[in-house]
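# Descriptive structure summary
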Amino acid sequence: MRRIITKLVLATRNFPQWLVAQFLFLLLKFLKLFPADAAIDFSDRLVRFIGPKLQRHQLMLTNLRNAFPEKSEAEIQDIALKAWGHMGRQMAEYVFLDELFDFDPARIGEGRVEVSGIPIFVDLLENPRPFIVFTGHTGNFEMLPVAGSAFGLYVTVLFRPPNNPYIADMVFNFRRARMGRLVPSHAGSSFQLARQLEAGQGVGVLVDQKFKKGQATTFFGRDVRTNPLLAKLSRQFECEVYPARCIRLPGNRYRLEIEPKVELPRDAAGRIDVNATAQLLNDKVEAWVREYPEQWLWYHDRWNIKKTLK
């Protein structure tokens, strides 16, 4: 009897998350009924309508005002609205990712996706060695490991599962089928990534996530904590580090960029400086965001200020 009661209590607690997940699954199935362009454009408009009515909108506006004090209120509101639209696009792109990613090295310039930095892909493929690729939550960042797979360059990707367990299962299964080996972010994930580098393989990480116990750094001139994992792995394996990003282009097109390797800062002893490297990562992502501010996830509590808005 006690076991039954426990199950009922747990089911009651999880019901709101289950309900949200079912709504999302239903919406994704609905989007599948339409061609990719129509579904993406519809999702953009839908989330532009819903987003400003959510509590997170105030966090988004505060983040934008803090990051761009030189911009007018009209400009801030415009970026926020477009940012919601890009979130809607991200949702619809999940459904059509296999169709959207049509890059063919033999037919460059003929599809939706263009790739900048192809020689780097080829070099990493033909000259195997440990390396790290980092990116931020810009554009459709999910396309980057898919692009690596298209070149035969399989990268072990560190990702943070959504808080909703039902949605987390869906996202994990979706990513695993298209992106190769995945490592959920948890206490032992660094050891799994280290094993991949030790085996001479590549790993991919998102570096603009909130991290409460990270390195003291700045992002858009404001204090943040940054995960030191990339810097520590680079120090341990002396591996090359490459920035990469996705940019959404007009007409539901995309540009994927992998940039030349970065030279990581070193301390007086010649070892990679963990704190300075964490700041370098922030500076790179900030430069990307300043170029396309509407394509970053401003609703994310990167500066840990959500509690101050209540």
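Before reading on, note that the structure itself is shown above.
One structure accompanies this document, and this report is about it. Just so it is clear, the structure is predicted and the values come from calculations on it, not from any experiment.

What follows covers the side chain of Glu93. Its place among the elements puts Glu93 in helix α4 (residues 73–100). Glu93 sits in the buried class, given a relative accessible area of 1%. Excluding residues within four positions of it along the chain, Glu93 makes contact with Ile40, Leu100, Asn140, Arg248 and Tyr254.

Below, the discussion takes up the pairing of strand β8 (residues 240–249). The buried fraction of β8 is high, at nine of 10 residues. Across four bridges, the pairing between strand β2 (residues 131–135) and β8 is parallel. Within β8, the residue paired with Ile132 across the bridge is Val241. Direction of pairing for β8 relative to strand β9 (residues 253–258): antiparallel, over a ladder of six bridges. When the sheet's bridge partners are listed, Arg248 is paired in β9 with Tyr254. Counting the residues between successive antiparallel strands, the hairpin from β8 to β9 contains three residues, one of them, Gly251, with a positive phi of roughly 75°.

Let us look at the pattern of salt bridges. Following the criterion strictly, the structure yields 20 salt bridges and no others. With a shortest N-O distance of 2.9 Å, Glu257 and Arg245 are connected by a salt bridge. Taken together, the positions of Glu257 in strand β9 and Arg245 in strand β8 put the pair 12 residues apart, joining distant regions of the chain. By the burial criterion, Glu257 is buried, and Arg245 matches it. Among the charged side chains, a network of salt bridges with common partners joins Glu114, Arg245, Arg253, Arg255, Glu257 and Glu291.

Calculation rules
Residues numbered from 1 in each chain as written. Predicted model: local features only at pLDDT ≥ 70, side-chain atom pairs only at ≥ 80, totals over all residues. Heavy atoms only, no water. Helix = DSSP H or I, 4+ residues; strand = E, 2+ residues; numbered from the N terminus. Buried < 20%, exposed > 50% of the residue type's maximum accessible area, 1.4 Å probe, protein only. Contact = heavy atoms within 4.5 Å. Pairing = 2+ DSSP bridges. Salt bridge = Lys/Arg side-chain N within 4 Å of Asp/Glu carboxyl O.

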